[in-house]
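# Structure at a glance
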Amino acid sequence: MTEQPIAIDELLALDHYPECGGLALFAGTVRDHHQGLPVESLRYTAYAPLAEKRIAEIERQTRERFGLSYCRVAHRLGALRIGDVAIVCVARAAHRAEAFEACRYLVDEVKHQAPIWKEEFYTDGSSAYVQGCCIRPDSQPGDHSDSHPVEDQS
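Going by what an unreviewed UniProt entry lists, the chain is known as Molybdopterin synthase catalytic subunit and is assigned to Alcanivorax dieselolei. Its UniProt record, at the heading Subunit (unreviewed entry), says of the chain: "Heterotetramer of 2 MoaD subunits and 2 MoaE subunits. Also stable as homodimer. The enzyme changes between these two forms during catalysis." UniProt annotates the chain under Sequence similarities (unreviewed entry) with the comment "Belongs to the MoaE family."

Below, the structure written as structure tokens:
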């Protein structure tokens, strides 16, 4: 996790894994819209000690699950503009299929498990936190059984 631009070249570690024929890289960038609203910029915040611990554990699990020699995730914090790189995931495996699958798995697991919050700033001057994924391991995507709607008291 860093407040500086992500140095993708450092994550690739090209010379260190001659047994790997597959290298997958995903870079997520800030786009100019979300659910029909024009986005001007955004800010990522996190509980860094826990987020870094969770990301390291996700990397370890991914290496084991897909038989990877190497994988890394880097995530930005702080203010980002349209086009800035927000997250980078790299996976190196003997074959491309495992590298591709592992890279997607890394991104999805970070979104579901790391305590990182995204606040979007819109062109009309308003802002909102983007509803994230539930990070409870016993929940499935779309499962909101632990949330309670707020009733209107007026």
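This paragraph deals with the packing of aromatic side chains. The geometry of an aromatic ring pair is captured by two quantities: the separation of the ring centres and the angle between the planes. One pass over the structure, following the stated rule, counts 2 aromatic pairs. Between the aromatic rings of Y17 and Y70, the centroid separation amounts to 5.2 Å while the plane-to-plane angle is 35 degrees, which identifies the pairing as tilted. One end of the pair, Y17, is in the loop between α1 (8-12) and β1 (22-29); the other, Y70, is in strand β4 (residues 70-75), and 53 residues separate them in sequence. Judged by its relative accessible area of 11%, Y70 is buried.

On to the side chain of T62. Looking at the secondary structure, you find T62 in helix α2 (residues 48-66). Those residues in contact with T62 that sit more than four places away from it in its chain are G67, L68, C71, A102, Y105 and L106.

Basis of the calculations
- Residues numbered from 1 in each chain as written.
- Predicted model: local features only at pLDDT ≥ 70, side-chain atom pairs only at ≥ 80, totals over all residues.
- Heavy atoms only, no water.
- UniProt positions renumbered as here; feature names shortened; annotations may be inferred.
- Phe/Tyr/Trp six-rings, centres within 6.5 Å; stacked < 30°, edge-to-face > 60°.
- Helix = DSSP H or I, 4+ residues; strand = E, 2+ residues; numbered from the N terminus.
- Buried < 20%, exposed > 50% of the residue type's maximum accessible area, 1.4 Å probe, protein only.
- Contact = heavy atoms within 4.5 Å.

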